[in-house]
Amino acid sequence: MKEQLANIRAQALEAFEQAKASADLDALRVKYLGKKGELTAVLKQMGRLSAEERPAMGQLANEVRAALESALDTASKKLEAAALEHRLEAEAVDVTIPGRAPAIGHRHPMYIALDEMKEIFIGMGFTVLDGPEIELGELNFDRLNAEPGHPSRDWSDTFYFDQDEKVMLRSQTSPMQVRAMDTMKLPIRIIAPGRVYRKDEVDATHSPMFHQVEGMVIDKGVTMADLKGTLNTVIKKMYGESTQTRFRPHHFPFTEPSCEVDVQCHKCGGVGCPTCKGEGWIELLGAGMIHPHVLEMAGIDPEVWSGWAFGFGLERTAMRRFKIDDLRLIFENDVRFLEQF
Ligand code: DAH
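Now for a description of the structure that goes with this document.

### Thoughts on the side chain of Glu315
Then step 1. For Glu315, the location among the structural elements is in helix H10 (residues 314–322).
Then step 2. The side chain of Glu315 sits in the buried core without any salt bridge; Arg195 is the nearest counter-charge, 7.4 Å away.
Then step 3. At 2.6 Å, the side chain of Glu315 forms a polar contact with the side chain of His211.
Then step 4. What Glu315 contacts, discounting residues up to four positions off in sequence, is Met110, Phe210, His211, Leu327, Ile330 and Phe331.

See below:
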């Protein structure tokens, strides 16, 4: 029996030593120390020993069990350490390899043009306002002299939220004039860029959502000459000193007199081409002297104060600035296109 125990001890220690994985060790634990294991089998024979032999043999058996357990423990720790070592090696990061540059976006050309425009107006003492795209019909139309029945209020052109035409997606940034008059102290110099909405089909020059930049000045003794001077200065700063403009008479309900301002076509230089539809000129904005009634509705005395206003089409401004000839390119946001500016 003594010999059996010595054999088990020697074999087991050797096997533990050679185990390659912790699963092997588990199997060996069962083989030697398990309920049906070899050591247990030997202990079962203890009954056959005489009373004198038993204590010594029992002690020896316990020593063997303790030795096996401690050897198993050591072997398992060794395997764990090796596995960790292996993993660290496999997952090692080489910090000397140059990093991969993350792909970053590009500023949109329309916003580049808007920022340039803002800079110019801020330099002239204007404040930049932001306003709601969901607007009251009252501010978008009534307070701007477009009475009920005015063609611009038509359901075929305007996105209303209710039957009573009280709330709508603003069709122009002009209601920002009214918001400024209602909330700011005179004199006022503001621009208000933002999105506007009309029921238009998408084509090379139309979109149901587009951007405008509203502008307004109210002060004492302000005239149409100031309007022309200011707009000419801004347009030349944006497009170059030699840029030609044209002020054409027009009609808007909230200005009197009113005009539209064109710039000479950048494609043909004024001769006439497909981009300017043979005109030689491209329409850029509407403008005019604020109608006295619009001032009155805001509680401003038109005998004391006068003002002018304008509304740029921002897409057109950017298209002229960067020589882009299809409006859809502005909205597609293809990075290959955007990266060119
Ligand atoms: N709101 C006009 C439009 O959408 C543009 C406009 C014209 C704005 C004249 C103005 C202005 O401020 O004075 O067609």
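### Describing unusual backbone geometry
Then step 1. Cis geometry marks the peptide bond from Leu186 to Pro187, where omega comes out at -10°.
Then step 2. Tracing the backbone through its elements, the reader meets Pro187 in the loop between helix H7 (175–183) and strand S4 (188–197).
Then step 3. The step from Glu256 to Pro257 runs through a cis peptide bond, and the omega angle for that step is -5°.
Then step 4. Tracing the sequence through the fold places Pro257 in strand S7 (residues 255–264).
Then step 5. Positive phi values are uncommon outside glycine, yet Lys277 reaches one of about 55°.
Then step 6. Relative to the helices and strands, Lys277 resides in the loop between S7 and strand S8 (281–290).

### A few points about the environment of Ile324
Then step 1. One can find Ile324 in the loop between H10 and helix H11 (327–332).
Then step 2. Overall, the relative accessible area of 4% leaves Ile324 in the buried class.
Then step 3. For Ile324 and Lys267, which are 57 residues apart along the polypeptide, the C-alpha to C-alpha distance reads 9.7 Å.
Then step 4. Residue contacts for Ile324: discarding those within four places in its chain leaves Ala318, Met319, Leu329, Ile330, Phe337 and Phe341.

### A few points about the site of the ligand
Then step 1. The local shell around the ligand holds 15 residues, among which Gln172, Ser174, Arg198, Gln212 and Glu214 are the closest.
Then step 2. Side-chain polar atom of Arg198 to an oxygen atom of the ligand: 2.7 Å apart, as the coordinates give it.
Then step 3. Here an oxygen atom of the ligand and a backbone polar atom of Phe310 are 3.2 Å apart.
Then step 4. Computed on the free molecule, the ligand has an accessible area of 350 Å², of which 90% lies beneath the protein chains in the complex.
Then step 5. Here the residues of the shell around the ligand are counted per class, giving five nonpolar, eight polar and two charged.

### As for the environment of Val64
Then step 1. For Val64, the location among the structural elements is in helix H4 (residues 53–90).
Then step 2. Placed 54 residues apart in sequence, Val64 and Ala10 show a C-alpha to C-alpha distance of 9.8 Å.
Then step 3. Those residues in contact with Val64, other than ones at most four positions away along the chain, are Leu5, Arg9 and Leu39.

### So, the sheet that holds strand S5 (residues 209–219)
Note on sheets: strands pair through backbone hydrogen bonds, and any given pair is parallel or antiparallel.
Then step 1. Taken in spatial order, the seven strands line up as S1-S4-S5-S9-S8-S7-S6 in an open sheet, and their pairing is mixed. Of all the strands in the sheet, the pair left with one neighbour each is strand S1 (127–128) and strand S6 (245–252).
Then step 2. Pairing geometry for S7 and S8, over eight bridges, is antiparallel. Bridge assignment links Val261 to a residue of S8, and that residue is Leu285.
Then step 3. Packing against the sheet, helix H5 (residues 109–123) makes contact with S1, S4, S5 and strand S9 (306–313), and its axis sits at approximately 165° to S4.

### Looking at the pattern of salt bridges
Two side chains of opposite charge can pair, provided their charged atoms sit close to one another.
Then step 1. Tallying each qualifying case throughout the model produces 17 salt bridges.
Then step 2. Of the charged contacts, one joins Glu116 and Arg321 as a salt bridge, the two residues approaching to 2.7 Å between their closest N and O atoms. A residue pair is termed long-range when its members are at least 10 positions apart, and Glu116 in helix H5 and Arg321 in helix H10 qualify at 205 residues.
Then step 3. Classification of Arg321 by relative accessible area gives partly exposed; the value is 27%.
Then step 4. Within the structure, one salt-bridge network assembled from shared partners comprises Arg246, Arg248, Glu260 and Asp262.

Rules used throughout
- Residues numbered from 1 in each chain as written.
- Predicted model: local features only at pLDDT ≥ 70, side-chain atom pairs only at ≥ 80, totals over all residues.
- Heavy atoms only, no water.
- Helix = DSSP H or I, 4+ residues; strand = E, 2+ residues; numbered from the N terminus.
- Buried < 20%, exposed > 50% of the residue type's maximum accessible area, 1.4 Å probe, protein only.
- Lys, Arg positive; Asp, Glu negative; His and termini not counted.
- Salt bridge = Lys/Arg side-chain N within 4 Å of Asp/Glu carboxyl O.
- Polar contact = N/O pair within 3.5 Å; in protein donor to acceptor, adjacent residues only side chain to side chain.
- Contact = heavy atoms within 4.5 Å.
- Near = heavy atom within 4 Å.
- Areas by Shrake-Rupley, 256 points an atom, 1.4 Å probe, with all protein chains shown as cover.
- Nonpolar A, V, L, I, M, F, W, Y, C, P; charged D, E, K, R; others polar.
- Pairing = 2+ DSSP bridges.
- Axes fitted to C-alpha atoms, helices over the stretch in contact; angles between N-to-C directions.

It is worth stressing that arrangement in space is one thing and function is another; only the former is reported here.
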